[in-house]
Amino acid sequence: MIKFKLIINVLSRLIVLVGVFMLLSLVPSFYYHSGDHIAFIISSIISIASGSLLYFLTRNNDHSPGKKEGYFIATLGWIVISLFGSLPFILSGAIPSFTNAFFETMSGFTTTGASILTEIESLPKGILFWRSIIQWIGGMGIIVLTVAIIPFLGIGGMQLFVAEVPGPTPDKLHPRITQTAKRLWIIYVIFTLAETILLKIAGMSIFDAVNHSFTTMATGGYSTKNASIAAFNSPYIHYIITVFMFIAGTNFTLSYFAFNGNLKKLIKDDEFKNYFLLVLSAGLIIAAILYLGGGLNPEKSIRDSIFQVVSIVTTTGFVTANYEHWGLFATIFIFILMFVGGSAGSTGGGMKIIRLLLLIRNTKMEFKRLIHPRAVVSVRFNAKVVPNEVILNILSFFFLYILIFVFSSLVMIILGLDFYTAIGSVAASLGNIGPGIGDVGAVGNYAEIPIFGKWFLSFLMLLGRLELFTVLILFTKIFWKK
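Residues numbered from 1 in each chain as written. Predicted model: local features only at pLDDT ≥ 70, side-chain atom pairs only at ≥ 80, totals over all residues. Heavy atoms only, no water.

Asks: Break down a nonpolar patch on the surface for me, citing the residues and quoting the values.
Replies: Residues Phe-30, Ile-38, Ile-41, Ile-42, Ile-45, Ile-46 and Leu-91 make up a contiguous nonpolar surface patch of about 610 Å² in total accessible area. With respect to the secondary-structure elements, Leu-91 resides in helix 5 (residues 87-92). Judged by its relative accessible area of 42%, Leu-91 falls in the partly exposed class. (Patch = residues over 30% accessible without salt bridge, like charges linked within 9 Å, V, L, I, M, F, W, Y side chains within 5 Å. Areas by Shrake-Rupley, 256 points an atom, 1.4 Å probe, with all protein chains shown as cover. Salt bridge = Lys/Arg side-chain N within 4 Å of Asp/Glu carboxyl O. Helix = DSSP H or I, 4+ residues; strand = E, 2+ residues; numbered from the N terminus. Buried < 20%, exposed > 50% of the residue type's maximum accessible area, 1.4 Å probe, protein only.)

Asks: Report on the pattern of salt bridges, specifying residues and quantitative values.
Replies: All chains considered together, the criterion is met by 9 salt bridges. Put simply, Lys-300 and Asp-304 hold a salt bridge, and the shortest N to O gap is 3.2 Å. Note that Lys-300 and Asp-304 are positioned in helix 16 (residues 298-313) at a spacing of 4 residues, about one turn of the helix. Using a relative accessible area of 23% as the deciding quantity, one classes Lys-300 as partly exposed. Residue Asp-304 is classed as buried on the basis of its relative accessible area, which comes to 2%. For the salt bridge of Glu-366 with Arg-369, the shortest nitrogen-to-oxygen distance reads 2.6 Å. You can see Glu-366 and its partner Arg-369 sitting in helix 18 (residues 353-371), 3 residues apart, about one turn around the helix. Exposure remark for Arg-369: the relative accessible area of 26% places this residue in the partly exposed category.

What follows is the structure, encoded as structure tokens:
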């Protein structure tokens, strides 16, 4: 039997946590006299009071969450925090429409980066900071954060962690799941601080440096500028952000081992090697197109192409140039990269490198089985045999991902979007990327998407963030059976 009282109890803590984070936006609000402090104070009070009340009503609970509760909490958690997280946008008047405010918040927490805002630079500093904060805490996962700071969730915290980070090869750095979550967050914070310092040295204001560090490490893509990173005409800034986007798209478990001097584990990892080769080869191909056909100098061609490839593959969504002006081949190439995603265990979205890698290896094995039907051949990853159930899970995920993409694209076309905007908005939302192609491309936004379309795309963002199964399992009969 599903323990709904326990679910509400955990959700109440998430609501309180969101309310506490809102108070951080008071710092830039007061410092820059942006006038949005009242909205944050009221929003924080509402969130903390609501969460505290729910906690008080469900406090007598000695149970730990099981698998079903974990899936429920992971899914409802993102919806609930997006509802409360939209309060500052609404109360400040920055985004008076509830639909638009929820869309912007869900896009933030899921680190999608799709925005309905057209005049970002005119927003109050507190609101801009809040946009960055929700991406930062959404990047590593607020559920993981909760597990990290509330150890009295006990062993049940593992179910939250698995539901929140559902990749095909979940790694634990420590036998206790709370210690794993804490260590991941420590690495996350260290990288964020390092990028902030480097961006400040490179010429960004401290406000812009902090905001872009938050949204880079989260692979979120929200910027304080209308033109995104193109607003900063500095090669150093572009290179710094490129490096940290690449790091954010790498498995954080490998980053942990690298921090502890075990670089061999990083270098020998199959997924990391293919991730690096993909980014390098795709970047060089597009750089050649820009240099030979676009008339750009070699450095600018390489910088723009590598930046955009890393941004799309890691699902960050920052832009330094309008890639739709690079020609049809480059645009289609970048669109295909939107389905790749970062590494498993990273803050990136998409299908993930490891899934595509194992799909390719399994396909190669099928050819071997056709030629040698009696031979025992297995798919290997990091020199270890991959269990058949993992391969079946990945095949199911791939089929489901493509099916949802096709169906959702048809829905958006029915709503009146042109073909390119429809497939671009769906690919960018499901992959948690942000910019797509068409009217929602590098220099566009989602302001003109119909109301139902915004709610539908918000659902796709949630699906993509929790990698399909965590959400869709709630709609199956088997989930509700005792």
